[in-house]
Amino acid sequence: MLFPNVEELRLKYKEIIERSDFQKEFEQLLKDYVGRPTPLYFAKRLSEEYNCKIYLKREDLCHTGAHKINNTIGQILIAKHLGKNRIIAETGAGQHGVATATVCALMGLSCVVYMGAVDIERQAPNVARMKMLGADVRAVHSGSKTLKDATNEAIRDWINNPTETHYVIGSVVGPHPYPDMVSKFQSVISKEIRNQLVEKEGKESPDYVVACVGGGSNAAGVFYHFLDDQKVKIIAVEAAGKGINTGKSAATTALGKVGIIHGSKTLLMQTKDGQITEPHSISAGLDYPGIGPLHAHLYKSKRGQFFSATDDEAMEWGLKLTRMEGIIPAIESSHALSFLKKDTFSKNNVLVFSLSGRGDKDLATYMEYFD
Ligand SMILES: C[C@@H](c1c[nH]c2ccccc12)[C@H](N)C(=O)O
């Protein structure tokens, strides 16, 4: 069973993260390998159109094209400190799989990535990248053959290979300490935003901080240092898919109920007898029936305001950002931009949007949609 593996991690992760040699190596890799700090870019044309100050946090410029690598570097450094030499991961969109395979190549570790057979078909470029990086990509044929099934298979693998293997979860989900550990690694994002806003705006707190939420790892990172700052409005945007009430959605806070998924008690899309509902989103990265427990808390406590964007709204925003600022965003990230509504903000309002990934992986979907 999973317990001894998780128990070892729970007992040791904080002490390892706080070690000075860990901190030094983690920060050095974030700087020289990932390319941090990522820019906090003032979107001039968008700001003029919406009559406020819009900043984009450019996680799309991280090595591998998304924020995922902040977490995989942190977790794989922990694995090394724990003496593990075999790394396993799950992936849906493939972004987390690529970020895991990248760091395994960097550190000379063996890497197995579990991926739903459906996702292997629709995310072929990322599958090719994982194979090129030396990962053993294992197709998952159980259940709906997507992310939650890949996560189940990875957990099964870990139970059967407890001593030499570390399981790198790709979002702020799973059993404790994963949600806390992944949030801590991603929190470098909001730590940088605070410093950059002092430079640019003379204050460290924006009026709004906005991120898309699937599992919620980029959102956790962008919200982290603002959670206790009541001046900052926390805005989460989920994937409404074809629409909240169409049966084809991934808007977990709107449609979910309290439940347990992958070892976390959180909000979960489920049928009345507790079967997990298959989520839908045009973006594979938001296509998860659960949500990180941190975000379930932000929703229940009303510290966060939760919105959702349909597939159509996200695609329209992806095109709009591309045409107005020359940045092609991941479809996941485009969901966050739908928070922008005309005549809503005052001229001095400062809004920070997390641009969690770049849209190269989505070009075929964008082209098919707009053709
Ligand atoms: C968002 C990310 C992801 C990876 N693992 C996850 C677990 C729960 C929720 C989301 C994820 C994505 N599906 C990916 O594979 O990169």
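Residues numbered from 1 in each chain as written. Predicted model: local features only at pLDDT ≥ 70, side-chain atom pairs only at ≥ 80, totals over all residues. Heavy atoms only, no water.

- The name an unreviewed UniProt entry gives the protein chain is tryptophan synthase, with Elysia marginata as the organism.
- In the Catalytic activity (unreviewed entry) part of its UniProt record, the protein chain is described as follows: "(1S,2R)-1-C-(indol-3-yl)glycerol 3-phosphate + L-serine = D-glyceraldehyde 3-phosphate + L-tryptophan + H2O". (UniProt positions renumbered as here; feature names shortened; annotations may be inferred.)

## Here's the deal with the packing of aromatic side chains
Here is step 1 of the chain: The tally for this structure, following the rule as stated, stands at 14 aromatic pairs.
Here is step 2 of the chain: Residues Tyr50 and Trp317 carry aromatic rings whose centres are separated by 5.9 Å and whose planes lie at 40° to one another, so their mutual orientation is tilted. Of this pair, Tyr50 sits in helix 3 (residues 44-50) while Trp317 sits in helix 14 (residues 311-325), and the two are 267 residues apart along the sequence.
Here is step 3 of the chain: The exposure class of Trp317 is buried, given its relative accessible area of 10%.
Here is step 4 of the chain: Their ring planes at 50° and their centres at 5.6 Å tell us that Tyr208 and Phe339 sit as a pair that is tilted. Of this pair, Tyr208 sits in strand 7 (residues 208-212) while Phe339 sits in the loop between helix 15 (331-337) and strand 12 (350-355), and the two are 131 residues apart along the sequence.
Here is step 5 of the chain: Of the residues examined, Tyr208 reaches a relative accessible area of 12% and is grouped as buried.
Here is step 6 of the chain: Cluster of aromatic residues (ring-pair linked, three or more members): Tyr208, Phe307, Phe339 and Phe345. (Phe/Tyr/Trp six-rings, centres within 6.5 Å; stacked < 30°, edge-to-face > 60°. Helix = DSSP H or I, 4+ residues; strand = E, 2+ residues; numbered from the N terminus. Buried < 20%, exposed > 50% of the residue type's maximum accessible area, 1.4 Å probe, protein only.)

## Quick word on the layout of surface pockets
Here is step 1 of the chain: When its volume is computed, the largest pocket comes out at roughly 440 Å³.
Here is step 2 of the chain: Contributing to the lining of the largest pocket are 19 residues, with Phe26, Glu27, Leu30, Val188 and Lys191 lying nearest its centre.
Here is step 3 of the chain: Secondary structure elements with two or more residues in the lining of the largest pocket: helix 2 (20-34), helix 9 (178-186) and helix 10 (188-201).
Here is step 4 of the chain: It is helix 2 that provides the largest number of residues to the lining of the largest pocket, a total of six residues.
Here is step 5 of the chain: Its residues assigned to classes, the lining of the largest pocket comprises eight nonpolar, five polar and six charged.
Here is step 6 of the chain: When residues of the lining of the largest pocket are sorted by domain, at least three fall in each of domain 1 (3-32 + 68-181) and domain 2 (35-65 + 187-370).
Here is step 7 of the chain: In this structure, the second largest pocket occupies an estimated 350 Å³ of space.
Here is step 8 of the chain: Lining the second largest pocket are 20 residues, with Arg122, Gln123, Ser281, Ile282 and Ala284 positioned closest to its centre.
Here is step 9 of the chain: Counting only elements with at least two residues in the lining of the second largest pocket, the list comes to helix 6 (117-122) and helix 16 (363-370).
Here is step 10 of the chain: Shared between two domains, the lining of the second largest pocket takes at least three residues from each, and those domains are domain 1 (3-32 + 68-181) and domain 2 (35-65 + 187-370). (1 Å grid on protein atoms, 1.4 Å probe; cavity = no way out; pocket = protein on both sides within 12 Å on 5 of 7 lines; lining within 4 Å. Points joined across faces, edges and corners; volume = space filled by probe spheres on them. Nonpolar A, V, L, I, M, F, W, Y, C, P; charged D, E, K, R; others polar. Domains from an automatic or database assignment.)

## Quick word on the packing of helix 14 against helix 16
Here is step 1 of the chain: Put simply, helix 14 and helix 16 touch, their axes get as near as 11 Å, and they point 105° apart. When the interaxial angle is binned, helix 14 and helix 16 end up roughly perpendicular. Taken together, the residues of helix 16 that come into contact with helix 14 (itself represented by Asp312, Met315, Glu316, Gly318 and Leu319) are Thr365, Tyr366, Tyr369 and Phe370.
Here is step 2 of the chain: Here the residues of the contact of helix 14 with helix 16 are counted per class, giving five nonpolar, two polar and two charged. (Axes fitted to C-alpha atoms, helices over the stretch in contact; angles between N-to-C directions. Parallel < 35°, antiparallel > 145°, perpendicular 65-115°, else oblique. Contact = heavy atoms within 4.5 Å.)

## A closer look at the UniProt feature "domain: Tryptophan synthase beta chain-like PALP" (unreviewed entry) in the protein chain
Here is step 1 of the chain: UniProt marks residues 35-356 with the feature "domain: Tryptophan synthase beta chain-like PALP" (unreviewed entry), using the numbering shown here.
Here is step 2 of the chain: Counted over residues 35-356, helix gives 39% and strand 21%. Its end C-alpha atoms are 14 Å apart.

## As for the pattern of salt bridges
Here is step 1 of the chain: If you walk through the whole model with that rule in mind, you get 29 salt bridges.
Here is step 2 of the chain: Among the salt bridges present, the one from Glu8 reaches Lys84, with a minimum N-O distance of 3.0 Å. Placement of Glu8 in helix 1 (residues 3-18) and of Lys84 in the loop between helix 4 (68-81) and strand 3 (86-91) is noted, with a sequence separation of 76 residues between them.
Here is step 3 of the chain: Overall, the relative accessible area of 23% leaves Glu8 in the partly exposed class.
Here is step 4 of the chain: Overall, Lys84 belongs to the buried group, its relative accessible area being 7%.
Here is step 5 of the chain: Between Arg138 and Asp136 there is a salt bridge; the shortest N-O distance is 2.9 Å.
Here is step 6 of the chain: One salt-bridge network, held together by shared partners, links Arg36, Lys57, Glu59 and Glu192. (Salt bridge = Lys/Arg side-chain N within 4 Å of Asp/Glu carboxyl O.)

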